[in-house]
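# Per-entry structural report
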Amino acid sequence: RMGGQLSVDPSVHVVIVGGGFGGIAAAKQLRDKGVPFTLLDMRDAFHHNVGSLRASVQTGFARRTFIPYSETFGDSFRQGRVVRVDLEAQVVVLEGGEEIKFSHLILCTGSDGPFPGNLNEVTDRKTAIEKYEDIVKEIQAAQSVVVIGGGSTGVEMAAEVKTEFPEKKVKPSLSSQVLLIHSHIALADQELLPCVRQQAKEVLLEKGVELLLGEKVHNLSDLSLNVNQKDMKLLTDKGTEVVADLLIPCMGNKVNSAAYRSALEDKMAENGALRVNAHLQVEGLDNVYAVGDCTDVKEPKMAYHAGLHADVAVGNIIKSLAQKPLSSYKPGSVTMLLAMGRDDGVGQFNGFRLARFLVAQGKSKDLLVWKSWKEMGQIDPK
């Protein structure tokens with residue numbers, strides 16, 4: 001029976017590694033179907049990281065981006081970092097040595113990148129919120145800000161800073177605006193339509209963000225990131241010198257493979273993502289599924305896709321218990337929205353560019369924070 005609770009064999013216990021968008025979607029469905037599960041994450045609260053850049057520029061926004069797990073999932077949630085998976089013994093091992101047994105495993109470890117776009121560390125909600133409130137203060141105090149990296153995160157970050165603090169100068173030796181440095185010429189995500197990438201550039205220029213494209217910061221390892229320090233000198237590989245007070249790193253997002261690397265190394269793509277079949281089972285394993293950013297599915301890594309993957313993975317675990325044929329995941333056409341500050345945005349839907357005001361209305365205003373509180377069945381403390 002797919003509708004209500006299932007009568008489940010007592011040996012069934014699903015372990016979900018990672019409580020991002022895919023992890024909470026999977027946990028919610030298992031709970032609603034009455035399938036025993038444990039959700040593991042190193043934080044004690046779900047991070048609505050779609051709002052992390054706004055939380056870096058707007059006081060009081062961060063607390064809306066962290067939603068406590070245990071209020072939603074009770075004892076089915078455990079805080080801890082998974083250090084390895086043991087496929088033979090069918091257990092995941094936590095830092096500190098504790099083992100949690102599984103009959104089925106769903107890996108939703110997501111991707112990792114520098115703060116403030118990501119916050120992947122063992123932490124509690126209060127400390128996490130303080131970390132964002134601190135960077136708001138650093139940005140407020142800085143005379144000049146450089147955003148390093150011009151993928152989608154960097155583009156959104158530069159727009160957030162300039163929208164919230166239009167007077168901020170990022171003063172390269174040549175001029176005086178918020179500066180975005182990117183090692184490529186085209187901005188944002190390569191999966192986006194060229195006209196959308198071009199529009200992202202136009203919005204940044206309209207807002208007064210200065211662009212330094214086709215250059216890479218050369219002395220990054222010598223510089224302090226995310227802290228306000230007068231007159232830091234950045235050098236690029238082309239010899240350009242930039243002086244600024246605050247450097248915000250927005251480059252180098254990578255798949256978070258630490259939890260499963262030792263057990264599944266032979267099933268990983270170059271970038272650390274797991275090779276999966278059409279049912280989202282990890283290659284050659286029928287009780288291990290991967291969901292979201294850590295799958296090698298050819299599509300942009302997005303919260304929305306992680307939720308769709310979770311539907312398929314949980315549906316297939318339930319079908320396999322009932323010995324029914326499994327369903328397949330089919331990537332659709334690319335829908336992507338970039339919030340360019342709270343009042344603007346660019347994006348595409350089913351291969352067509354969207355009007356900026358639609359993206360601003362649909363995403364930029366509150367970055368879909370309400371949707372995650374609703375998903376977690378809790379009240380948004382706005």
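Residues numbered from 1 in each chain as written. Predicted model: local features only at pLDDT ≥ 70, side-chain atom pairs only at ≥ 80, totals over all residues. Heavy atoms only, no water.

### Observations regarding the packing of aromatic side chains
Keep this limit in mind: Note on aromatic contacts: the rings of Phe and Tyr and the six-membered ring of Trp form a pair at centre separations within 6.5 Å, being stacked when their planes are under 30 degrees apart, edge-to-face when over 60 apart, and tilted otherwise. Throughout, exposure labels follow a simple rule: accessible area from a 1.4 Å probe, protein chains only, divided by the maximum for the residue type, with under 20% read as buried, over 50% as exposed, and the rest as partly exposed.
Using the criterion set out here, one finds five aromatic pairs in the structure. Relative to Phe77, the ring of Tyr69 has its centre 4.5 Å away and its plane inclined at 25°; by these criteria the two rings are stacked. With respect to burial, Tyr69 and Phe77 carry one shared label: buried. Judged by centre distance (4.7 Å) and plane angle (50°), the rings of Phe115 and Tyr132 are tilted.

### Examining the side chain of Ser257
Using the following cut-off: Numbering of helices and strands runs from the N terminus; a helix is a DSSP stretch of H or I covering at least four residues, while a strand is a stretch of E covering at least two. Residues adjacent in sequence count toward polar contacts only when both atoms are side-chain atoms; beyond that, a polar contact is any pair of N or O atoms within 3.5 Å, and within protein one must be able to donate a hydrogen and the other to accept it.
For Ser257, the location among the structural elements is in the loop between β17 (254-255) and α7 (261-264). At a separation of 2.8 Å, a polar atom in the side chain of Ser257 contacts the side chain of Arg261.

### Focus: the sheet that holds strand β19 (residues 336-339)
Where we set the bar: When DSSP finds two or more bridges between two strands, those strands count as paired. In this description, contact between two residues means that some pair of their heavy atoms is separated by no more than 4.5 Å. Between the N-to-C directions of two axes lies an angle of 0 to 180 degrees, each axis being a line fitted to C-alpha atoms and, for a helix, fitted only over the stretch in contact.
Spatial strand order, β19-β20-β21: three strands in an open sheet with antiparallel pairing. What marks the edges here is a single partner per strand, and that holds for β19 and β21 (352-353). Those strands touched by helix α9 (residues 356-364) are β19 and β20 (345-349), and its axis lies near 95° from that of β20.

### Thoughts on the sheet that holds strand β8 (residues 99-101)
Each strand in a sheet pairs with its neighbour through backbone hydrogen bonds, running either in the same direction (parallel) or in the opposite one (antiparallel). Pairing is antiparallel across the open sheet formed by three strands, whose spatial order is β6-β7-β8. Each having just a single partner strand, β6 (82-86) and β8 make up the two edges of the open sheet. The average angle at which neighbouring strand axes cross in this sheet is 25°, direction not considered. Note that β6 and strand β7 (residues 91-94) share four bridges and pair antiparallel. Considered in β7, the bridge of Asp86 is made with Val91.

### Description of the confidence of the model for the protein
For the record, the criterion: For every residue, the predictor states its confidence as a pLDDT score lying anywhere from 0 to 100.
On average, residues of the protein score 94 in pLDDT, and 96% of them reach the 70 mark or higher. Between residues 170-176, whose pLDDT stays under 50, and residues either more than four places distant or in other chains, the model counts 24 contacts.

### Digging into the nonpolar core
Going by this rule: Think of a nonpolar core as a cluster: buried Ala, Val, Leu, Ile, Met, Phe, Trp, Tyr and Cys residues, connected wherever their side-chain atoms sit within 4.5 Å.
Grouped together as the largest cluster of nonpolar side chains are 75 residues, with contacts concentrated most on Ile16, Ile106 and Leu204. Counting residues in each nonpolar core, the second largest holds 23 residues, with Val85, Leu94, Ala259 and Ala273 among its members.

### Regarding α9
Defined as follows: The arc refers to the directions leading from the helix axis to the C-beta atoms.
Restricting attention to buried positions, one finds in α9 the residues Val359, Ala360, Lys363 and Ser364. Axial view of α9: buried residues confined to an arc of 105°, hence all on one face. Those residues of α9 that are exposed and aimed more than 90 degrees away from the buried face are Phe357 and Gln361.

### Comments concerning the environment of Ser11
Structurally, Ser11 is set in the segment before β1 (14-17). Of the residues examined, Ser11 reaches a relative accessible area of 54% and is grouped as exposed. Sequence separation of Ser11 and Phe102 is 91 residues, and the distance between their C-alpha atoms is 8.7 Å. Polar contacts involving the side chain of Ser11 include one to the side chain of Asp9, which spans 2.6 Å.

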